[in-house]
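Here is what each chain is made of, one letter per residue.
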Amino acid sequence: MIIAPSILSMDFSDTKKSVEALEASCAKWMHFDVMDGHFVPNLTFGPDILKAMKRSSSLLMDVHVMIADPMKYAPVFINAGADLYTFHYEAVESVEKMKELIHLIHNEGCKAGISIKPKTSVSVLDELINEVDLVLVMSVEPGFGGQKFDPNALNKISTLRQWIDERKLNCLIEVDGGINAETGKLCKESGVDVLVAGSYVFGGDIKERCESLC
Ligand code: DX5
Ligand code: ZN
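Sequence order sets the numbering: in each chain, residues are counted from 1 along the sequence as written. As a convention, the first chain written is A and the first ligand written is 1, with the rest following in written order. With the structure being a predicted model, the display of local features is reserved for residues of pLDDT at least 70 and the display and counting of side-chain atom pairs for 80 or more, all residues being used for whole-chain, interface and lining totals. No hydrogens and no water enter the side-chain calculation; it runs on all heavy atoms of the structure.

Asks: Residues and numbers for the coordination of the zinc ion (ligand 2), please.
Replies: Put simply, the ideal angle at a metal is 109.5 degrees for four donors in tetrahedral geometry and 90 or 180 degrees for six donors in octahedral geometry. Taken together, His-31 (NE2), Asp-33 (OD), His-64 (ND1) and Asp-176 (OD) make up the full set of protein donors to the zinc ion (ligand 2), lying 2.0 to 2.3 Å away. Metal donors were taken as nitrogen, oxygen and sulfur atoms no farther than 2.8 Å from the ion, or 3.2 Å where the ion is Na, K or Ca. Water is excluded, so coordination may look unfinished. By the criteria applied here, four donors are tetrahedral when all angles lie between 85 and 135 degrees, four are square planar and six octahedral when opposite donors are over 155 degrees apart and every other angle lies between 65 and 115, and any other arrangement is irregular. One can describe the site at the zinc ion (ligand 2) as octahedral: its 6 donor atoms subtend angles covering 68 to 169° at the metal. Each residue gets one of three labels from its accessible area relative to the maximum for its type: buried under 20%, exposed over 50%, partly exposed in between, using a 1.4 Å probe on protein chains only. Overall, the relative accessible area of 0% leaves His-31 in the buried class.

Pasting the structure below:
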């Protein structure tokens, strides 16, 4: 299992200590939530913070953009150190534009991911899953950490697992929102590859909390 701690819940008064704890844990990725106050009603970090995190850590930078214009900012975040750039299905007007964005991300030498909000049907991904490196299933309404896991995400994960296995695709399934040891186990049983966890990981001993998910 790949663990991607979401730094949204990190203690920003002592990032060095938190990053060191992550480096010493079984987590291999760092989940970086970008919010623009438009696509979601919250604001978080921009590319300069990503650059700083990239410099201070060897973890894979898993950038989840909850922004209204993911096309415009893809090169910006990729240049700042994104290894994986995941945009929202709901933020792009057409499947054609999404495919264009995926190609742009790949041409910049980055992996591409697509995310769906809880109310978006998994069926919309049917024609896109062949193009991406990762699908991110939101198990809470994007915007804030510390919300309750929506069990509907489990059905979506099972469907995606089936498609990926049947079509022999090289695509990872990630889940984000309300993940702890208990909900993480349910997602694992449904076939998830990557667990994002923010408040759970940073709300206790970072290394121990990661280990309980690995
Ligand atoms: C929510 C973000 C998540 C968030 C998860 O919009 O995409 O990555 O940090 O936080 P928890 O794990 O606290 O639900
Ligand atoms: Zn996220």
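Asks: Can you lay out the site of ligand 1 for me, pointing to particular residues and giving the numbers?
Replies: Nearness of a residue to a molecule or strand requires only that one of the residue's heavy atoms be within 4 Å of it. Taken together, 20 residues sit near ligand 1, with Asp-33, Gly-143, Asp-176, Gly-198 and Ser-199 positioned nearest. Residue His-31 places a side-chain N or O atom 3.5 Å away from an oxygen atom belonging to ligand 1. The fraction of the free accessible surface of ligand 1 (380 Å²) that becomes covered by protein chains is 100%. A run of DSSP states H or I qualifies as a helix once it reaches four residues; a run of E qualifies as a strand once it reaches two. Both are numbered from the N-terminal end. Here the shell around ligand 1 takes 3 residues from strand β2 (residues 29–35), the largest share from any one element. Three categories are distinguished: nonpolar for Ala, Val, Leu, Ile, Met, Phe, Trp, Tyr, Cys and Pro, charged for Asp, Glu, Lys and Arg, and polar for the others, with Gly belonging to the last. A class-by-class count of the residues in the shell around ligand 1 yields 8 nonpolar, 10 polar and 2 charged. Polar contact criterion, stated in full: a pair of N or O atoms within 3.5 Å, where within protein one must be able to donate a hydrogen and the other to accept it, and residues adjacent in sequence count only if both atoms are side-chain atoms. Accessible surface area values rest on a Shrake-Rupley calculation with a 1.4 Å probe, where residue burial reflects the displayed protein chains alone.

Asks: Residue-level account of helix α4 (residues 95–107), with values.
Replies: Multiply 1.5 Å by the residue count of a helix minus one, and that product is the helix's expected span. Here α4 is 13 residues long and its end C-alpha atoms lie 18 Å apart, about the 18 Å a rise of 1.5 Å per residue gives. The contact criterion used is simple: two residues touch if any of their non-hydrogen atoms lie within 4.5 Å. In the core, the buried residues of α4 are packed alongside α3 (70–79), β4 (84–88) and β5 (111–116). Following α4 by one or two positions, Gly-109 has its phi on the positive side, about 80°.

Asks: Lay out the pattern of salt bridges in plain terms, naming residues and giving numbers.
Replies: Whenever a carboxyl oxygen of Asp or Glu lies within 4 Å of a side-chain nitrogen of Lys or Arg, that contact is scored as a salt bridge. All chains considered together, the criterion is met by 10 salt bridges. A salt bridge links Glu-20 to Lys-16, with the nearest nitrogen and oxygen atoms 3.2 Å apart. In this pair, Glu-20 and Lys-16 are both assigned in helix α1 (residues 15–23), 4 residues apart and thus about one turn of the helix distant. The partly exposed category is assigned to Glu-20, whose relative accessible area is 45%. The partner of Lys-54 in a salt bridge is Asp-83, and the shortest N-O contact between them spans 3.0 Å. Residue Lys-54 is found in helix α2 (residues 47–56), and its partner Asp-83 is found in the loop between α3 and β4; the two are separated by 29 residues along the sequence. One connected set of salt bridges, linked through shared partners, spans Lys-117, Lys-119 and Glu-141.

Asks: Before we move on, could you go through the packing of helix α5 (residues 152–166) against helix α6 (residues 181–190) and cite the residues and values that matter?
Replies: Angular values range over 0 to 180 degrees, each being the angle between N-to-C directions of two axes fitted as lines to C-alpha atoms, with helices fitted over their stretch in contact. Following both chains from N to C, one finds α5 and α6 inclined at 30°, their axes separated by 8 Å at the closest point. Relative to α6, the element α5 lies roughly parallel. The crossing of α5 and α6 is right-handed. Of the residues in α6, those in contact with Leu-154, Ile-157, Ser-158 and Arg-161 of α5 are Leu-186, Cys-187 and Ser-190. For classification purposes, an angle smaller than 35 degrees is called roughly parallel, one larger than 145 roughly antiparallel, one from 65 to 115 roughly perpendicular, and anything else oblique. Here a crossing is taken to be left-handed if its near helix is turned anticlockwise relative to the far helix by less than a right angle, and right-handed if that turn runs clockwise.

Asks: If you had to explain the packing of aromatic side chains to someone new, which residues and values would you point to?
Replies: Side-chain rings of Phe, Tyr and Trp (the six-membered ring for Trp) are treated as a pair once their centres are within 6.5 Å; stacked means planes under 30 degrees apart, edge-to-face means over 60, and tilted covers the remaining angles. Under the definition given, this model contains 2 aromatic pairs. Their ring planes at 45° and their centres at 5.6 Å tell us that Phe-12 and Phe-45 sit as a pair that is tilted. Highlighted residues: Phe-12 in the loop between β1 (2–5) and α1 and Phe-45 in the loop between β2 and α2, separated in sequence by 33 residues. For Phe-12, a relative accessible area of 41% corresponds to the partly exposed category. Taken together, a centroid distance of 4.9 Å and an interplanar angle of 45° make the contact between Phe-32 and Phe-45 tilted. Of the two residues, Phe-32 is situated in strand β2 and Phe-45 in the loop between β2 and α2; the sequence distance between them amounts to 13 residues. An aromatic cluster is defined as three or more aromatic residues linked by ring pairs; in this entry it consists of Phe-12, Phe-32 and Phe-45. For a Lys NZ or an Arg CZ to count as sitting over a ring, it must be within 6 Å of the ring centre and within 35 degrees of the ring normal. The side chain of Lys-117 reaches across the aromatic face of Phe-39, ending 5.0 Å from its centre.

Asks: Break down the sheet that holds β5 for me, citing the residues and quoting the values.
Replies: As summarised here, the arrangement of the 8 strands in space is β1-β8-β7-β6-β5-β4-β3-β2, forming an open sheet in which the pairing is parallel. Pairing within the sheet leaves two strands with one partner each, and these edge strands are β1 and β2. If you compare each strand with its neighbour and ignore which way they point, the axes differ by 25° on average. When DSSP locates at least two bridges between a pair of strands, those strands are taken to pair. Two strands pair when backbone bridges link them, and β1 and strand β8 (residues 194–197) are joined in this way by 4 bridges, in the parallel orientation. Residue pairing across strands places Ile-3 opposite Leu-195, the latter belonging to β8. Packing against the sheet, α3 makes contact with β2, β3 (60–66) and β4, and its axis sits at approximately 165° to β4. The strands that α4 touches are β4 and β5; relative to β5, the one it contacts most, it runs at about 145°.

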